[in-house]
Amino acid sequence: MLPVRGLIRAVKQNPNSLKYLQLNLLRHGSYFTSKPVGDPSKYTDYEITQNPEEWKYVERLFVKPRIPTPKPKDSYPSGWTPQTVDPEKCTWFVHRNKAHMMPVYLDISERGMRRLTKIKKVDGDIWAFYKELKPWLEMVNRGKILGIKVNEVQQEILIHGDHVNQCRRFLLDRGF
Amino acid sequence: MGLKPKMGDLTVQMLRALPRIGLYNLKPILGMPKLSKRGRGQHGGDKHGCGNKGSGQRQNIMRPGYETGNQPFYLLFGNEPYYYRHHLRRQYPPLSLLQLQTLIDTDRIDVDRPIDLAAICATGVYRFFPNIKHFGINLTDEGIDNFKAKVNIEVQWTSEPVIAAIERNGGTITTAYYDPHSLFILKDPLKFFERGEAIPRRMIPPQDAIMFYTDAKNRGYLADPEKISWERFVLAQKYGYTLPKLEEDPDYEMLTERKDPRQIFYGLEPGWVINHHEKVILKPKDNELREYYQQ
Amino acid sequence: MMNLRILNRLRGSVVNVLRASRFSSSVEGTGAKEINTEPNSRPIIDPDVNPLMKTRELKLLPKFSEPRQAWIETLNCIDDKIIGLTTLHPEVFGVGPRIDMIHLNVKWQRNIRYVSFAHAKTRHEMPGTRRKPRPQKGLGMSRHGDLRSPLFTKTGGVAHGPRSPTPHFFVLSIWERIIGLTSTLSIKHAQDDLHIVDSLDIPTENKGYIQDLVEARKWGPSVLMVDVPDLMPRNITVATDEIKHINLMPVYGLNVYSMLKHDTLILTVDAVKRIEEKILYQLNRIDKEKVCGKFEIDQ
C-alpha cells in the first residue's frame, strides 16, 4: 500500500519517471498469489554488500532473547536493588521475576473497590514465610488483622488490601 | 544436601511414596468452572428461567434503549462531538525518566549507543501500538530528581524540565517525528526485514507538528544546530547547572550521532534491503532510484 | 509444592513400596519409606569406562535450587549398565508438579481432536407431515400445530440437543503447556520412571532382545523412547516395530499424554539437552505479547 504512495509522489515530482512506474513495485497478498519472477532486465539492478561496519547497525536492532542478569554497579539511582540474600541460609525464598523485579503485585477489581496484594514465586517453606510475614504486617498496620491466603500449589500469597509497599519493604529488609 | 526443602523436594518425597501418576488418576483443581448444560425437567428446565407470560417468556423483549414509543434518550440529542477529529489526533504514550533510569540500572538498555524508539521497543517494557494513533515516546518528568544517566536519546515529545535533566548529566536529547509507516517498521524491524522491502524514506511532519519539530527549544530534529547550542546554554542558566562541554566528552561521537530527517534507522539508508538471514545488504544501482531515496 | 488434598485424591491409594530405587541418596529420609534394593537390580559400573561424574554445565540455574542427577545407562547389553552420571536442570526436571495442570494438558490433548458426532434431530428434521393433528378449537383438548414439536416426547424433535459435528477444540496457552511438560518430566524423574541412555543403539534387531532388556531392568510394561532425530537407528526400529507398548518418539513429538500413557520414559542425552534448551528458552523469553497477543491482520 504505502510504497505506492511514495511511487505516486515520485511521479508527481518527476513526471518523466515512467521508468519507475514500469518497475514492478507491487506487494502481493501471498507468495502463492504473486506472479513468478520474470525477465531480470525488467527489474532494477542492485549490488550485494557485506560491510561489517554497516552490519553493526543492523545487529543493534535485534531483540535480546532473554534478559541477562544486571552487572553490579556502585549505585542505582532509580532505587532498584539487586537481590543480596544468601540462598543457603533460607528456609523460604522469594525469587525475582524475569525482569529482576520483586514479585509483589496489586490486583484491582470491582471498580477499584477490591485490592489484593499478591506475592508470587515463593519457594521453600511457604508456611514459614507466612508465619514471619503475618505478625510483621499486622504490626505495621497497627494491629489490624489481615486476611492472608497461602496458595501452596501456585507458590503464592494473597493479602487483602493494598500492602504492596509494605511487602516490598519486608522483602527488601531481608535482602530479597 | 541440607534439611532445607528446596524447589520440589517435598513433592519428590511425597511422589516417591505414592502410586505412579498416570492418565487414570488425574483430577482437576477444585473450583474450576464447569460447562453449564441446558436444564431438563425439574433441573432448571420447564420455563428455563423465563418466568410466566410477558415479553420475557415470549422472547419478544424490547430492544435496549427503547422507551415504549417516546423518543429515546439515545436519539434525543443530535450532535455529540466528543470524538470529533479523534482520528487525526496524535497520542504519545508516556515513558518516565524513572522507567528509563530503571532500564539503565538493570542493563536492559545500552547507554553506549544512541537510544531511539526502536531501542525502547526492543526492551519489551514500553507498550506502543502505532495502529491506535500512537506516534512515539513522550518522555515525562517522573523520577527527574534521581535521573543520573548520560544518554543520547531521541523521543517524539518531551517537556523543558526533562530536557534540562538529560543535558545536566552531559547527555543529549532530540525530538523527531516518524510517520505511521516508519513507526511500524521501528517497532519491529526484524518483521519488516522479513518482508524483503527496501527501507522507505521517513516522511516530514504534518502542518500542525512542523512548528514543534523546527523549534530549537524542543530540540527538534529539523531545528538549526546553532540555535540548539544556544538553547542548551540558556536552559542551563535557567535551571542553574553548569552545562557540561560536549566537545571534551570522550563519548562525543556517540552523543552527537543523529539521523538524517529522511532516515529511519541509525546507519541504514533508505532504499536498502536488509537480508538478516544471510547477513547482506542489497543496495539499488539505478540512478533514478538512488536520487529518489537521497532526496 | 503439592496440596496434600489433591495428592490424597489420587485413585489407587495402595502404596507401591517394592519399587526398586536408585536415588536413595537424593531423598531426605524424613517421609519416604525405606526401599530395599534387590541384589540383582544393583547397577553394574563398567570397569572399562570410568564412572565419570559427567556434570554438564547447566545454564540459567535459579537460586535456591540444586540440579537433579541421573545415571546415564546404555542399551547395549541386557543387564543394567551405567556409564556415567549427568545433571538435570531443576526448572525442567525438578519442579513441584502441578497435577491440575497435567490434567488440563491431558484434557486439552484429548479434546483438541475430539469431534462429537452426536446428533439429535430438531423439529424441522423429524420425519412426518406438517399437518395439524387436530382442530384448534372445539375438542376441549390441547392445541398443536404439528406432531414434531419438542413437546411431544415420542414423535417430536429435540430443541437444544447435540448438533453434529461439534468440535471441542480449544487453545491452551503456551505457559500452561510448558508447566504440563515440566511437571510430567519431574514426576517421571521423581518416581524413578525416567532413564537416560547414551543413545538408542542396540546390538541386534531381535525384538526378544528389547523385551528381555525391559524385563531384566524392571521397566514398566510400556516404554517410550525419545531421541532427537525422527530417523532412529535401524535395529531398535525393527525390534520395537511389532511391540505395540514400546514406542519410539522424536523430541518434537514429546507430549504430556504420551509420557503418562507409557510407564517408563527413556531419554537420550541429546534429547535431554534439546528438551532443556527449548523449555528454558520459553521460560526466559520476554516477547510475551508476540506469543500470547491477539492475532491482528495487517500487523
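Residues numbered from 1 in each chain as written. Chains lettered and ligands numbered in written order. Predicted model: local features only at pLDDT ≥ 70, side-chain atom pairs only at ≥ 80, totals over all residues. Heavy atoms only, no water.

(A) Molecular detail of the overall build of chain B. Helix and strand content of chain B: 12 helices and seven strands. Its C-alpha atoms give chain B principal-axis dimensions of about 85 × 80 × 55 Å. Counting the 295 residues in chain B, one finds 46% classified as buried. If you take every contact in chain B between residues at least 6 apart in sequence, the share linking residues at least 24 apart comes to 58%. Roughly 16,600 Å² of accessible area belongs to chain B as shown, and the carbon and sulfur atoms make up 52% of that amount. (Helix = DSSP H or I, 4+ residues; strand = E, 2+ residues; numbered from the N terminus. Buried < 20%, exposed > 50% of the residue type's maximum accessible area, 1.4 Å probe, protein only. Contact = heavy atoms within 4.5 Å. Areas by Shrake-Rupley, 256 points an atom, 1.4 Å probe, with all protein chains shown as cover.)

(B) Structural detail: a nonpolar patch on the surface. Taken together, I61(B), M62(B) and Y66(B) make up a surface patch of nonpolar side chains, about 320 Å² in accessible area. In this fold, I61(B) is placed in the loop between α2 (54-57) and α3 (73-76). (Patch = residues over 30% accessible without salt bridge, like charges linked within 9 Å, V, L, I, M, F, W, Y side chains within 5 Å. Salt bridge = Lys/Arg side-chain N within 4 Å of Asp/Glu carboxyl O.)

(C) Representation of the environment of E138(A) within the structure. Residue and element names in this part refer to chain A. Along the polypeptide, E138 turns up in helix α4 (residues 126-140). With 97 residues separating them along the chain, E138 and S41 place their C-alpha atoms 80 Å apart. With residues near it in sequence (within four places) discarded, E138 still touches G143, K144, I145 and L146.

(D) The sheet that holds strand β7 (residues 156-160) of chain A, seen in detail. Residue and element names in this part refer to chain A. The sheet built from four strands is open, its strands ordered β3-β4-β7-β6 with antiparallel pairing. Strand pairing shows two members of the sheet lacking a second neighbour, β3 (104-109) and β6 (148-151), which therefore form its edges. Each strand axis lies, on average, 20 degrees off the axis of its neighbour in the sheet, ignoring direction. Where β6 and β7 come together, four bridges link them in antiparallel fashion. Paired with K149 across the bridge in β7 is L158. Contacting β3, β4 (114-119) and β7, helix α5 (residues 164-173) crosses the sheet at an angle of about 165 degrees to β3. (Pairing = 2+ DSSP bridges. Axes fitted to C-alpha atoms, helices over the stretch in contact; angles between N-to-C directions.)

(E) Just a positive patch on the surface, in detail. A cluster of basic residues, K98(A), K120(A), K121(A) and K288(C), forms a positive patch at the surface. Tracing the backbone shows K98(A) in the loop between β2 (92-94) and β3. (Lys, Arg positive; Asp, Glu negative; His and termini not counted. Charge placed at Lys NZ, Arg CZ, Asp CG, Glu CD.)

(F) Focus on the side chain of S65(C). Topologically, S65(C) is positioned in the loop between β2 (52-54) and β3 (68-73). Polar contacts involving the side chain of S65(C) include one to the main-chain carbonyl oxygen of P62(C), which spans 3.0 Å. (Polar contact = N/O pair within 3.5 Å; in protein donor to acceptor, adjacent residues only side chain to side chain.)

(G) Geometry of the sheet that holds strand β1 (residues 94-96) of chain B. All names here are of chain B. Spatially, three strands are ordered β1-β2-β4 in an open sheet, and the strand pairing comes out parallel. The open sheet terminates on both sides in strands that have one partner only, identified here as β1 and β4 (157-158). Looking at chain direction, β1 and strand β2 (residues 138-140) are connected through three bridges and run parallel. Paired with S96 across the bridge in β2 is T140. Here helix α4 (residues 97-105) sits on the sheet and contacts β1 and β2; the angle it forms with β1, its principal contact strand, is near 60 degrees.

(H) Quick look at the interface of chain A and chain C. At the interface, 18 residues of chain A touch 14 residues of chain C. Here chain A and chain C share an interface that buries about 1,500 Å² over both sides, 63% of which is from carbon and sulfur atoms. Looking at the side of chain A facing chain C, the largest losses of area belong to R66(A), K98(A) and V153(A), adding up to 36% of the total buried there. Each residue belonging to the side of chain A that touches chain C can be placed in one class, and the counts come to seven nonpolar, six polar and five charged. (Buried area = accessible area lost by both parts, 1.4 Å probe. Nonpolar A, V, L, I, M, F, W, Y, C, P; charged D, E, K, R; others polar.)

(I) The arrangement of the packing of aromatic side chains in detail. Within this structure, the stated rule accounts for 21 aromatic pairs over all chains. Here W157(B) and F212(B) contribute two aromatic rings whose centre-to-centre distance is 4.0 Å and whose plane-to-plane angle is 5 degrees, an arrangement assigned as stacked. Here the residue W157(B) occupies a position in strand β4, and F212(B) occupies one in helix α9 (residues 207-213), the gap between them amounting to 55 residues. Taking 6.0 Å as the distance between ring centres and 55 degrees as the angle between the ring planes, the aromatic pair formed by F192(B) and F193(B) counts as tilted. The same class applies to F192(B) and to F193(B), which are both buried. Aromatic ring contacts, followed pair by pair, group W92(A), F93(A), F129(A), W136(A), F170(A), F176(A) and F64(C) into a single cluster. Residue placement shows R202(B) over the ring face of Y178(B); its charged tip is 4.2 Å from the ring centre. K283(B) extends its terminal NZ or CZ atom over the ring of W272(B), reaching a point 4.3 Å from the ring centre. (Phe/Tyr/Trp six-rings, centres within 6.5 Å; stacked < 30°, edge-to-face > 60°. Lys NZ or Arg CZ within 6 Å of the ring centre and 35° of its normal.)

(J) Up close: the UniProt feature "domain: Large ribosomal subunit protein uL15/eL18" (unreviewed entry) in chain B. The sites that carry the UniProt feature "domain: Large ribosomal subunit protein uL15/eL18" (unreviewed entry) are, in the present numbering, residues 94-174 of chain B. A distance of 16 Å separates the end C-alpha atoms of residues 94-174 of chain B, which is 31% helix and 19% strand. (UniProt positions renumbered as here; feature names shortened; annotations may be inferred.)

(K) Structural view of the pattern of salt bridges. Per the counting criterion, the structure on display carries 34 salt bridges over all chains. With a shortest N-O distance of 3.5 Å, R195(B) and E197(B) are connected by a salt bridge. Given the relative accessible area of 36%, R195(B) is considered partly exposed. You can call E197(B) buried: its relative accessible area is 14%. Measuring nitrogen to oxygen at the nearest pair gives 3.4 Å for the salt bridge that ties K207(C) to E242(C). Here the residue K207(C) occupies a position in helix α5 (residues 207-216), and E242(C) occupies one in the loop between α6 (234-241) and β9 (246-250), the gap between them amounting to 35 residues. Using a relative accessible area of 34% as the deciding quantity, one classes K207(C) as partly exposed. Because the salt bridges share partners, they merge into one network encompassing D107(A), K118(A) and E156(A).

(L) Layout of the packing of helix α6 (residues 160-168) of chain B against helix α10 (residues 225-239) of chain B. All names here are of chain B. For the pair α6 and α10, interaxial distance at closest approach is 10 Å and the crossing angle is 95 degrees. With respect to their mutual orientation, α6 and α10 come out roughly perpendicular. Together, E160, P161, I163, A164 and E167 of α6 and R232, L235, K238 and Y239 of α10 make up the contact between the two elements. A per-class count over the contact of α6 with α10 returns five nonpolar, no polar and four charged. (Parallel < 35°, antiparallel > 145°, perpendicular 65-115°, else oblique.)

(M) Region of the structure containing the environment of R40(B). Along the chain, the position of R40(B) falls in the loop between α1 (9-17) and α2. R40(B) sits 123 residues away from I163(B) along the chain, and the two C-alpha atoms are 70 Å apart. Ignoring anything within four residues of it in the chain, the contact list for R40(B) reads G45(B), V158(C), H160(C) and G161(C). Polar contacts involving the side chain of R40(B) include one to the main-chain carbonyl oxygen of H160(C), which spans 3.1 Å.

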